[in-house]
Amino acid sequence: MSQALQEHRRRLAERGMKRVEVCVREPDVTLIRRVAKALINDDKTSKGLRAAIDSVVPQRTPITFKEWLMSAPAEGDDSPVREKSRS
């Protein structure tokens, strides 16, 4: 990593910032840039925007692979897969 890039990342970290790269559809590019620019500040606008986004966009908690498997229906069965008993 170049010295300039390391310095840039260090300055961002000092300001409490983190670089994030996302892929969005073409029509959303300007919107995402405006949102990111508004969230940089810690003012009334950014707090309101965070609250609005939090109320509309669901917070997804990641599930484990086992939880994902347990939520899948068994073949030929409409009920979720159950763990086999160990008796």
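Look above for the structure.
Reading guide: rules and limits
Every residue gets a number counted from 1 within its own chain, in the order that chain's sequence is written. Per-residue local features of the predicted model are confined to residues with pLDDT of at least 70, and side-chain atom pairs are confined, for both listing and counting, to 80 or more; whole-chain, interface and lining totals are unaffected and use all residues. Side-chain measures were taken over the full set of non-hydrogen atoms in the model, leaving aside hydrogen atoms and water. Helix numbers and strand numbers start at the N terminus; a helix is a DSSP run of H or I with at least 4 residues, a strand a run of E with at least 2. Only protein chains enter the calculation, and the probe is 1.4 Å; a residue is then buried if its accessible area is under 20% of its type maximum, exposed if over 50%, and partly exposed in between. Accessible surface is estimated by sampling points in the Shrake-Rupley manner with a 1.4 Å probe; for residues, cover comes only from the protein chains shown. Axes here mean lines fitted to C-alpha atoms, for a helix over just the part in contact, with angles spanning 0 to 180 degrees between N-to-C directions. Any angle that falls under 35 degrees is termed roughly parallel, while one over 145 is termed roughly antiparallel, one within 65 to 115 roughly perpendicular, and all others oblique. Crossing handedness follows the turn of the near helix against the far one: under a right angle anticlockwise gives a left-handed crossing, and clockwise gives a right-handed one. The criterion used for residue contact is that any of the two residues' heavy atoms lie within 4.5 Å. When residues are grouped by polarity, Ala, Val, Leu, Ile, Met, Phe, Trp, Tyr, Cys and Pro land in nonpolar, Asp, Glu, Lys and Arg in charged, and all others, Gly among them, in polar. A residue counts toward a patch only above 30% relative accessible area and without a salt bridge, and it is joined to like-charged neighbours within 9 Å or, for Val, Leu, Ile, Met, Phe, Trp and Tyr, to nonpolar neighbours within 5 Å. By definition here, a salt bridge exists when the distance from a side-chain nitrogen of Lys or Arg to a carboxyl oxygen of Asp or Glu is within 4 Å. In this analysis the probe radius is 1.4 Å and the grid spacing 1 Å, with only protein atoms considered; a cavity is a set of points the probe fits into but cannot get out of, a pocket is an open set with protein on both sides within 12 Å along at least five of seven lines, and lining residues have an atom within 4 Å of a point. Grid points are joined across faces, edges and corners, and a volume is the space filled by probe spheres set on the points.

Q: I'd like a description of the overall build of the protein chain, backed by residues and values.
A: Scanning the protein chain for helices and strands turns up 4 helices and 0 strands. Going from the N terminus to the C terminus, the protein chain shows its helices and strands as α-α-α-α. Expressed as a percentage of the 87 residues in the protein chain, the buried residues total 2%. Taken as a whole, the protein chain presents about 8600 Å² of accessible surface, with 55% of it coming from carbon and sulfur.

Q: So what's going on with the packing of helix α2 (residues 29–40) against helix α3 (residues 44–56)? Residues and values would help.
A: Each pair of packed helices can be summarised by the angle the axes make with each other and by the distance between the axes. In contact at an axis separation of 8 Å, α2 and α3 are set at 125° when each is read in the N-to-C sense. Overall, the two elements α2 and α3 adopt an arrangement that is oblique. The two elements α2 and α3 cross, and the hand of that crossing is left-handed. In this structure, α2 contributes V35, A38 and L39 to the contact, and α3 contributes S46, L49, R50 and I53. In terms of residue class, the contact of α2 with α3 is made up of 5 nonpolar, 1 polar and 1 charged.

Q: Describe in detail a nonpolar patch on the surface, supporting the description with residues and values.
A: Taken together, the side chains of V20, V22, V24, L31 and I32 define a hydrophobic patch exposed on the protein surface, amounting to about 410 Å² of accessible area. The residue V24 is located in the loop between α1 (3–14) and α2 in this model. Judged by relative accessible area, V24 falls into the partly exposed class, the value being 36%.

Q: I'd like a description of the layout of surface pockets, backed by residues and values.
A: The space that makes up the largest pocket amounts to roughly 670 Å³. Lining the largest pocket are 17 residues; nearest its centre among them are K18, R19, V20, A36 and K37. Every element with two or more residues in the lining of the largest pocket is listed here: α1 and α2. Residue composition of the lining of the largest pocket, by class: 11 nonpolar, 2 polar and 4 charged. Estimated volume of the second largest pocket: approximately 240 Å³. Residue composition of the lining of the second largest pocket, by class: 4 nonpolar, 1 polar and 2 charged.

Q: I'd like to hear about the pattern of salt bridges, residue by residue, with values.
A: One pass over the full model with this rule turns up 5 salt bridges. Ionic pairing is found between E14 and R10, a salt bridge with its closest N-O pair at 2.2 Å. Of the two residues, E14 and R10 both sit in helix α1, 4 residues apart, roughly one turn of that helix. Members of the salt-bridge network, linked through shared partners, are E7, R10, R11 and E14.

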